[in-house]
Amino acid sequence: LDAGPQLSKSKMMSAKNAWGSSTGYADELLKSNPKIDTARAQQLENWANQQEVRAKNQQLKEMTEILDRQQASADEDWRQLAKFGVERVQDFDMEEAFGPVVAGDE
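Counting from 1, residues in each chain are numbered in the order their sequence is written. Confidence filtering applies because this is a predicted model: local features only for residues at pLDDT of at least 70, side-chain atom pairs given and counted only at 80 or more, and all residues used for totals across whole chains, interfaces and linings. The basis for every side-chain value is the complete set of non-hydrogen atoms in the structure, without hydrogens or water.

**Considerations on the overall build of the protein**
Elements are defined by DSSP. Helices are runs of H or I of four residues or more, strands are runs of E of two residues or more, and each kind is numbered from the N terminus. When you go through the protein residue by residue, the secondary structure sums to four helices and zero strands. Start at the N end of the protein and walk to the C end: the helices and strands fall as α-α-α-α. Whether a residue is buried, partly exposed or exposed follows from its accessible area with a 1.4 Å probe, protein chains only, as a fraction of its type maximum: under 20%, in between, or over 50%, in that order. In the protein, which comprises 106 residues, the share counted as buried stands at 6%. The protein chains shown are the only cover counted for residues, whose accessible areas, like all others here, come from Shrake-Rupley with a 1.4 Å probe. When the accessible surface of the protein is summed, it comes to about 9,900 Å², and 54% of that surface belongs to carbon and sulfur atoms.

**Some remarks on the pattern of salt bridges**
Each reported salt bridge corresponds to a side-chain nitrogen of Lys or Arg within 4 Å of a carboxyl oxygen of Asp or Glu. This structure, assessed with the given rule, holds one salt bridge. A salt bridge links Glu52 to Lys56, with the shortest nitrogen-to-oxygen separation between them at 3.6 Å. In this pair, Glu52 and Lys56 both sit in helix α3 (residues 38-83), four residues apart, roughly one turn of the helix.

**A closer look at a nonpolar patch on the surface**
A cluster of nonpolar side chains, namely Phe92, Met94 and Phe98, defines an oily patch on the protein surface of about 360 Å² accessible area. Checked against the element boundaries, Met94 lands in helix α4 (residues 94-98). On the accessibility criterion, Met94 (52% relative accessible area) is exposed. What makes a patch is a set of residues exposed beyond 30% relative accessible area and free of salt bridges, joined within 9 Å when like-charged and within 5 Å when nonpolar (Val, Leu, Ile, Met, Phe, Trp, Tyr).

**So, the confidence of the model for the protein**
pLDDT is a per-residue confidence score from the predictor, ranging from 0 to 100. Here the protein averages 77 in pLDDT, and 59% of its residues register 70 or above. When mean pLDDT is taken per element in the protein, helix α2 (residues 25-32) scores highest with 89 and helix α1 (residues 4-19) scores lowest with 60.

This is the structure:
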C-alpha cells in the first residue's frame, strides 16, 4: 500500500486549514470600505470563518450530548423494567411460538 498520495492529500488539507480559503468576504469589505487595510480585511474574513467552524462544532457537541442523554435514559428504562421481572430477551422456540417459515411469507 502506498501512503504517498494519501500523505500529500493530508498535507494539502492541513495547508488549506492553516491558511484558509477565500470566501470573498475580504473582497466585499475592500469594495465597501476602500480605506480598510487588505491584511485587516483578510483577518476579518478569517475570523468569520473561524466563528462558522466554531458554531458547527458547538452544534455537533450539543447533538452528541442530546444523543448521550437519550441513550442513557433508554438504558435506565430497561433497568427499571428489570426490577419488575420483565426480561429484555426471552428464551423461547420461535417455530413453536410463531410456526415454521414458509416460502412466500412476508
